[in-house]
Amino acid sequence: MSSVLTIRGGVPLTGRVTVRGAKNLVPKAMVASLLGNEPSVLRNVPEIKDVEVVTSLLQLHGVTVEKDPVTGDLTLDPKSAKTASSTAIDAHAGDSRIPILLCGPLIHAIGEAFIPDLGGCKIGDRPIDYHLNVLRQFGAVVEKRPGGIHISAPKGLHGAKISLPYPSVGATEQVLLSATRAEGITELSGAATEPEVVDLIAVLQKMGAIISVQTDRTIRIEGVKDLGGYDHRALPDRNESASWASAALVTRGDIFVEGASQRDMMTFLNTYRKVGGGMDIREDGIRFYHPGGKLSPLVLETDVHPGFMTDWQQPLVVALTQAEGVSIVHETVYENRFGFTDALARMGATIQLHRECLGSVPCRFGQRNFLHSAVISGPTPLRGTDIDIPDLRGGFSHLIAALAATGTSRVTGIDIINRGYERFTEKLAALGADFDINDAK
Ligand SMILES: CC(=O)N[C@H]1[C@@H](OP(=O)(O)OP(=O)(O)OC[C@H]2O[C@@H](n3ccc(=O)[nH]c3=O)[C@H](O)[C@@H]2O)O[C@H](CO)[C@@H](O)[C@@H]1O
Ligand SMILES: C=C(OP(=O)(O)O)C(=O)O
């Protein structure tokens, strides 16, 4: 049953939250366990929906997934991997994008894969053409089936020289997960190098893979016949950390994010400082706070790593509605990631969307009629309203806007937030937020 959050805004969020393993790594490390011939142990696993989805999908394919009742660590044993019915796979795929990454590991483990139509945030068209091209270059055969695609490799997967048209995170991971046990050498150019990609490489190296990453976005993989298991602690979720950082700014609060890691967030931290956010960087986490006074406007462009991560954009836009002056944000990763600003405008924000590239570099979306640049004028007081959450980060952004607003907001669709934010209502309560949660009528 879906729930409704009634938020009474105006309370600065103050206190401490803990972030655990990254949503954008943990489910993929779980998938990697299928490549091994012995059990793997994954630590620092958050209780989020995408982890549940991948647990079910792996279990359907015969992988034993055991959760330590105290630590939540997962032990994944692939020794009885088997095929599963496409109907069951479809029913368990949920709203996640991870199923497409099962292709390589399932082909290696059982010779075939059925991949259902993907979920994930509706922030653009999100095609899977790079994934399918990559798989075909490895020798896979892709067939359309009702409700998804079937992948097989009658002659096995073999290494290939691959070039990505854009440094896609998912397509890079597709290459990694397919190439490590493919026959021969794979050279990938135009690869994504996000910290989560590098952590997946660390997982695969622990299993016995031979992978080198060059500074020019080239990744070289020497295929090996067999892989063992891994014991790995997932890197912390830098996107959840950045979301709480923005929440501290928007609500004029003070939040210590235990587990936040400076190394993976340097670009965000530079931007946060330029807006006027306060921070104390410590070994065990980062304190983010509003130091009082005015926030400064920004000109910002999202980009692939090491640029400003697109998943940080939506929560930070809420903070920019409180900055003194005009900010410009050019979204270059997804063509449709500003839909969430409609609700902010209803709350009193002044945000204009533009089709032009309002940034230093024209992007892929420039001449294609997508509202992918935003001009935000502030500061504007926000007032509570009714909101139906559209996507994960947009939804979190709506929550923090409602928490800062005067008056009451009624927020529906909050289950989407569980896809990437562990126990977020408990965390909000611990930070002093004033809200009730009820079942929708
Ligand atoms: C589960 C997960 O890790 N999700 C993250 C991952 O998504 P995901 O891996 O889906 O994102 P990609 O990096 O692949 O997408 C980047 C761009 O490439 C395009 N594209 C991608 C694949 C393809 O086959 N064809 C194509 O055109 C997409 O439409 C998008 O415009 O990286 C994104 C970019 O850092 C993040 O916002 C997501 O949080
Ligand atoms: C876009 C996101 O995730 P996904 O790729 O899982 O939809 C996100 O985490 O902001």
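Heads up: the structure comes first, above all this text.
Residues numbered from 1 in each chain as written. Chains lettered and ligands numbered in written order. Predicted model: local features only at pLDDT ≥ 70, side-chain atom pairs only at ≥ 80, totals over all residues. Heavy atoms only, no water.

Draft legend 1. Geometry of the sheet that holds strand β8 (residues 148-152). In spatial order, the strands read β6-β8-β7; together these three strands make up an open sheet with antiparallel pairing. A single partner strand is all that each edge strand has here, and the edge strands are β6 (112-116) and β7 (141-145). Strand-to-strand twist of the sheet, defined as the mean angle between neighbouring strand axes without regard to direction, takes the value 20°. Looking at chain direction, β6 and β8 are connected through five bridges and run antiparallel. Looking across to β8, one finds that F114 is bridged to H150. Most of the contacts of helix α4 (residues 103-110) go to β6, to which it runs at about 150°, and overall it touches β6 and β8. (Pairing = 2+ DSSP bridges. Helix = DSSP H or I, 4+ residues; strand = E, 2+ residues; numbered from the N terminus. Axes fitted to C-alpha atoms, helices over the stretch in contact; angles between N-to-C directions. Contact = heavy atoms within 4.5 Å.)

Draft legend 2. Expanded view of the pattern of salt bridges. For the structure shown, the criterion picks out 25 salt bridges. We note a salt bridge from R8 to D436, for which the minimum N-O separation is 3.1 Å. Here the residue R8 occupies a position in strand β1 (residues 3-8), and D436 occupies one in strand β23 (residues 435-439), the gap between them amounting to 428 residues. Given a relative accessible area of 36%, D436 falls into the partly exposed group. For the salt bridge of K427 with E240, the shortest nitrogen-to-oxygen distance reads 2.7 Å. Here E240 lies in helix α8 (residues 238-250) and K427 lies in helix α13 (residues 424-430), a separation of 187 residues in the sequence. Like K427, the residue E240 is buried in the burial classification. Among the charged side chains, a network of salt bridges with common partners joins E47, K67, R423 and E426. (Salt bridge = Lys/Arg side-chain N within 4 Å of Asp/Glu carboxyl O. Buried < 20%, exposed > 50% of the residue type's maximum accessible area, 1.4 Å probe, protein only.)

Draft legend 3. Here's a closer look at helix α2 (residues 49-60). Over its twelve residues, α2 runs 17 Å from end to end, which matches the ideal 16 Å to within 8%, given 1.5 Å per residue. Here α2 has its buried residues at D50, V51, V53, V54, T55, L57 and L58. Tucked into the core, α2 has its buried residues touching α1 (26-32), β4 (64-67), β5 (74-77) and α3 (86-92). Once α2 ends, the next one or two residues include G62, with phi positive near 90°. (Expected span 1.5 Å × (residues − 1).)

Draft legend 4. Representation of the site of ligand 1. For ligand 1, the set of nearby residues contains 22 residues, the closest of which are K28, D129, S168, D311 and V333. Contacts to ligand 1 include N24, whose side-chain N or O atom sits 3.0 Å from an oxygen atom. Residue P127 places a main-chain N or O atom 3.2 Å away from an oxygen atom belonging to ligand 1. The cavity where ligand 1 resides is the largest pocket. Mapped by element, the contributors of at least two residues to the shell around ligand 1 are α5 (129-137), α6 (169-179) and α10 (310-320). No other element matches α5, which puts three residues into the shell around ligand 1. Among the residues making up the shell around ligand 1, the classes are represented as nine nonpolar, five polar and eight charged. If you count residues domain by domain, the shell around ligand 1 takes at least three from each of domain 1 (3-19 + 236-439) and domain 2 (26-233). (Near = heavy atom within 4 Å. Polar contact = N/O pair within 3.5 Å; in protein donor to acceptor, adjacent residues only side chain to side chain. 1 Å grid on protein atoms, 1.4 Å probe; cavity = no way out; pocket = protein on both sides within 12 Å on 5 of 7 lines; lining within 4 Å. Sits in = over half its atoms within 2 Å of the grid points. Nonpolar A, V, L, I, M, F, W, Y, C, P; charged D, E, K, R; others polar. Domains from an automatic or database assignment.)

Draft legend 5. Focus on the site of ligand 2. Around ligand 2, the neighbouring residues are K23, R97, G120, C121, I123, R126, D311, R337, L392, R393 and R419. Between ligand 2 and K23, the relevant distance is 2.7 Å, taken from an oxygen atom to a side-chain nitrogen or oxygen of the residue. With respect to ligand 2, the side chain of D311 contributes an N or O atom lying 3.3 Å from an oxygen atom. When atom positions are compared with the pocket grids, ligand 2 is found to occupy the largest pocket. The residue inventory of the shell around ligand 2, partitioned by class, reads three nonpolar, one polar and seven charged. In terms of domain composition, the shell around ligand 2 takes at least three residues from each of domain 1 (3-19 + 236-439) and domain 2 (26-233).

No statement about biological role is implied by the geometric values presented.
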